[in-house]
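As a plain string of letters, each chain reads:
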Amino acid sequence: MLIPHPLLGLRDAHEFSYLGDVSLLDRPDGMSENAADAFFPYVYLRDNPAGVHRELWFHEQGDRSWLVVTRNTVTHEILGAELARDVALRNRTPRDGGDAA
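Here goes a summary of the coordinates provided. (Residues numbered from 1 in each chain as written. Predicted model: local features only at pLDDT ≥ 70, side-chain atom pairs only at ≥ 80, totals over all residues. Heavy atoms only, no water.)

Focus: the sheet that holds strand 3 (residues 17–21)
Then, number 1: The strand order across the open sheet built from four strands is 3-4-5-6, with neighbouring strands paired in antiparallel fashion. With one partner strand each, in any of the chains shown, strand 3 and strand 6 (78–83) form the two edges of the open sheet. Strand-to-strand twist in this sheet, taken as the mean axis angle between neighbours without regard to direction, amounts to 30 degrees.
Then, number 2: Across seven bridges, strand 4 (residues 52–58) lies against strand 5 (residues 66–72) in antiparallel orientation. Looking at the pairing, H53 lines up with R71 of strand 5. (Pairing = 2+ DSSP bridges. Helix = DSSP H or I, 4+ residues; strand = E, 2+ residues; numbered from the N terminus. Axes fitted to C-alpha atoms, helices over the stretch in contact; angles between N-to-C directions.)

Below you can see the structure in the form of structure tokens.
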């Protein structure tokens, strides 16, 4: 399986480590009053969808970047990849210091 790295071009999937669903970018605040309640679903409750899915991959044997890879879990077809940093910045809320776009 080849992953289209946004900076380096096509790379073999063996260079990467799979982490899980892209929703892991939305980590709960560990200092909040209900941190334990918020972390339980974050850590233990995961979907296992069949079909198109957005996932986090780490380029462990390359530039050590995090990617959000859109992949069909049934066919393993890679539909696209982008830097996780860019996805996180796009999803920031005004409360986080990001734009309200």
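Observations concerning the pairing of strand 1 (residues 2–5)
Then, number 1: What you see with strand 1 is a clean split: I3 and H5 sit on the buried side and L2 and P4 on the side with no burial.
Then, number 2: Strand direction decides the pairing type here: strand 1 and strand 2 (residues 9–12), joined by four bridges, are antiparallel. Counterpart to P4 in the pairing with strand 2 is L10.
Then, number 3: Hairpin connection, strand 1 to strand 2: the antiparallel pair is bridged by three residues. (Buried < 20%, exposed > 50% of the residue type's maximum accessible area, 1.4 Å probe, protein only.)

Comments concerning unusual backbone geometry
Then, number 1: With a phi close to 65 degrees, R64 is a non-glycine residue in the positive phi region.
Then, number 2: Within the element layout of this structure, R64 appears in the loop between strand 4 and strand 5.
Then, number 3: In this model, H76 sits at a positive phi of 65 degrees, which is unusual for a non-glycine residue.
Then, number 4: One can find H76 in the loop between strand 5 and strand 6.

Some words on the environment of H5
Then, number 1: In this fold, H5 is placed in strand 1.
Then, number 2: Classification of H5 by relative accessible area gives buried; the value is 3%.
Then, number 3: C-alpha separation for the pair H5 and E82, spaced 77 residues apart in sequence, amounts to 7.2 Å.
Then, number 4: Sequence-distant contacts of H5, that is, excluding residues within four places in its chain, are made with R11, F16, H59, D63, S65, L67 and L83.
Then, number 5: Of note is the side chain of H5, whose polar atom sits 3.0 Å from the backbone nitrogen of L7.
Then, number 6: A distance of 2.9 Å separates a polar atom in the side chain of H5 from a polar atom in the side chain of S65. (Contact = heavy atoms within 4.5 Å. Polar contact = N/O pair within 3.5 Å; in protein donor to acceptor, adjacent residues only side chain to side chain.)

Function-wise, these values are silent; they only describe arrangement.
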